[in-house]
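Working through the structure, step by step
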Amino acid sequence: MAETTADLLVERLIDWGVDIVFGIVGDGINGIMESLRTRQDRVRFIHVRHEESAAFMACAYAKYTGRLGVCVATSGPGGIHLLNGLYDAKLDKQPVLAITGMPAHDLIGTHTQQDVALDRLFGDVAAYSERVMGPAHVESLVDLACRYAIGYRTVAHLTVPADIQDHTAQKERTKRNVSHHTSDVPARGAQTAPDADLQRAAAILNAGKRTVILAGAGALGATDELEATADRLAAPIVKPLLGKAAVPDDSPFTTGGTGLLGTTPSQEALGDCDTLLMVGTSFPYIEFLPKPERARAVQIEIDPMRIGLRFPIEVGLVGDSTTTLRALLPLLTKRSDRGFLEKAQKGMESWRELMRERASRDDMPMKPQVVAQHLGELLRSDAIVSSDSGTIATWFARHILVKRGQMHSLSGTLASMGNGLPYTIAAQIAYPDRQCVGFVGDGGFSMLMADFATAVKYDLPIKIVVMKNNTLGQIKWEQMVFLGNPEYGCDLTPIDFPTFARACGGTGFTIEDPKECRGVLEQALATEGPVIVEAVVDPFEPPMPAKTTIEQAKKMAESLLRGEPDRGKIMATILEDKIRELI
């Protein structure tokens, strides 16, 4: 039987090393699905419950493996549903290929059913978005799409009209389209900074007295090199959230996170430094970076377009973080004055004690910090932890400390809700033998919770810890603290998540008493198969920034005076937590 366009497409994906595809079937991709069906021994199709989940899974698969993530969706609404997860991949620079269907080629543009020009619609999210025109066209487009996604660490997209998927490769090619003129060989850049730039960068770093290393997602594979550089420069390592696992949290060099979810020592170190070494980061909150006139800066970044994106850099070193740090290290002088680092280390001792105190409370309603702290301590060293957006990210950042060998991530730059469950599923599919845990809020989890049934379908032993406070907490606090408004539209109708887990065929647990928290988590982590743990927590516990500004205190006071409905409980909680600077 002659090969169809869809056959050629799937075969070429296999040539590129693709063995997992996430998606949902649909009549716009029936030809592609048939080609996947007949190649089940070489490529696995993961059937999800929502296309947005499929795109999130492809993004997470790319994040956790470094390989190309692939998702597929039908024409019209199916393709549209992919967009949120694809933007997550685009903004966090992950290689993802999306494949969609379209109506039959001779009905496109005629207002037929599901007539959406997906190749044009995806023009912003995808660096490469093309329509496959026939069997002779597909090989070249797949090669280019994969090369774009992998080479530029971004999103690529191919869409195939439904009828063209079934066309066979019998018709002759045009004269200039020579068979097999493209290649499926991946090519990665090995750019290293010139010696002169390395020398200039070392001179700036050696001249500094108070250096901070800001290590982001691009530094995740450079743990040893980061610690060696920190030791050489007596520099604390500050970690934006996507770089959470760049160095373990028990490292003597790290002060943990930065930004609204960060630590006081990190904020103080960035405020006091005279030299900044940015490694693989595009941390977007420039208000937390040093004042430009107070610090000189060197940046290591694999994407030259991101050099100087957030800070006025004196020297930009374009290349891989690990190899560039290795080249830079011999040029750095061992700093004898360790005072700046030691101050940061003492600050971290106080910060960790404060975090332990907040996580040891046994009053009810249970504090969210209690759950996060116990979970972090119980996780294995091979755990892959996926969080969601909202107040959950604060507890994830501060209380689930990274152990060496673990991987941690979430929707970083897009900060989308709903990613936590799909991320966890993708992690477990990529690493069947590792412990894969989702740490999510009830708001984000409920958006895509149907895909817990996907975990049951494939017997994935994921563990999902849902912090249930029946509110969209992050927005509630932003309305009050940043705008001075009473909260509005943030309440959630309660859902019985353990009952839902059992209805799907999984296991469910509930925690309400902080004294029982650790025991229930231990039991849940030891349970076979997919599990949901519902942790009922205090909705009035504020995700406080490391340092509260006068403006934030003013806005909070305005919110309370203007009729915040829960002002009494909020005031009591804040006072109870001894955070008086807000009042």
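A short tour of the structure in this document, coming up. (Residues numbered from 1 in each chain as written. Predicted model: local features only at pLDDT ≥ 70, side-chain atom pairs only at ≥ 80, totals over all residues. Heavy atoms only, no water.)

**Structural notes on the environment of Thr323**
Of note, Thr323 is situated in helix α10 (residues 321–328). For Thr323, a relative accessible area of 36% puts it in the partly exposed group. With 130 residues separating them along the chain, Thr323 and Ala193 place their C-alpha atoms 9.7 Å apart. (Helix = DSSP H or I, 4+ residues; strand = E, 2+ residues; numbered from the N terminus. Buried < 20%, exposed > 50% of the residue type's maximum accessible area, 1.4 Å probe, protein only.)

**What to know about the environment of Ala89**
Along the chain, Ala89 turns up in helix α4 (residues 77–91). Separated by 32 residues in sequence, Ala89 and Met57 have C-alpha atoms that sit 10.0 Å apart. When near neighbours in sequence (up to four residues on either side) are disregarded, Ala89 contacts Cys59, Gln94, Val96 and Val155. (Contact = heavy atoms within 4.5 Å.)

**Here's the deal with the packing of helix α1 (residues 5–15) against helix α6 (residues 135–152)**
In contact at an axis separation of 9 Å, α1 and α6 are set at 30 degrees when each is read in the N-to-C sense. For the element pair α1 / α6, the angle class is roughly parallel. Crossing angle aside, the handedness with which α1 passes α6 is right-handed. Residues Thr5, Leu8, Leu9, Arg12 and Leu13 of α1 lie in contact with α6, whose contacting residues are Pro135, Val138, Glu139, Val142, Asp143 and Cys146. Partitioning the contact of α1 with α6 into residue classes produces seven nonpolar, one polar and three charged. (Axes fitted to C-alpha atoms, helices over the stretch in contact; angles between N-to-C directions. Parallel < 35°, antiparallel > 145°, perpendicular 65-115°, else oblique. Left-handed = near helix turned anticlockwise from the far one by under 90°. Nonpolar A, V, L, I, M, F, W, Y, C, P; charged D, E, K, R; others polar.)

**Section: the side chain of Ser409**
For Ser409, the location among the structural elements is in strand β14 (residues 407–409). Looking at Ser409, the relative accessible area reads 6%, which means it is buried. Polar contacts involving the side chain of Ser409 include one to the side chain of Lys63, which spans 3.3 Å. When sequence neighbours within four positions are dropped, the list of residues in contact with Ser409 reads Lys63, Tyr64, Leu242, Val385, Ser386, Ser387, Phe396 and Tyr423. (Polar contact = N/O pair within 3.5 Å; in protein donor to acceptor, adjacent residues only side chain to side chain.)

Geometric descriptors of this kind do not, in isolation, establish any biological role.
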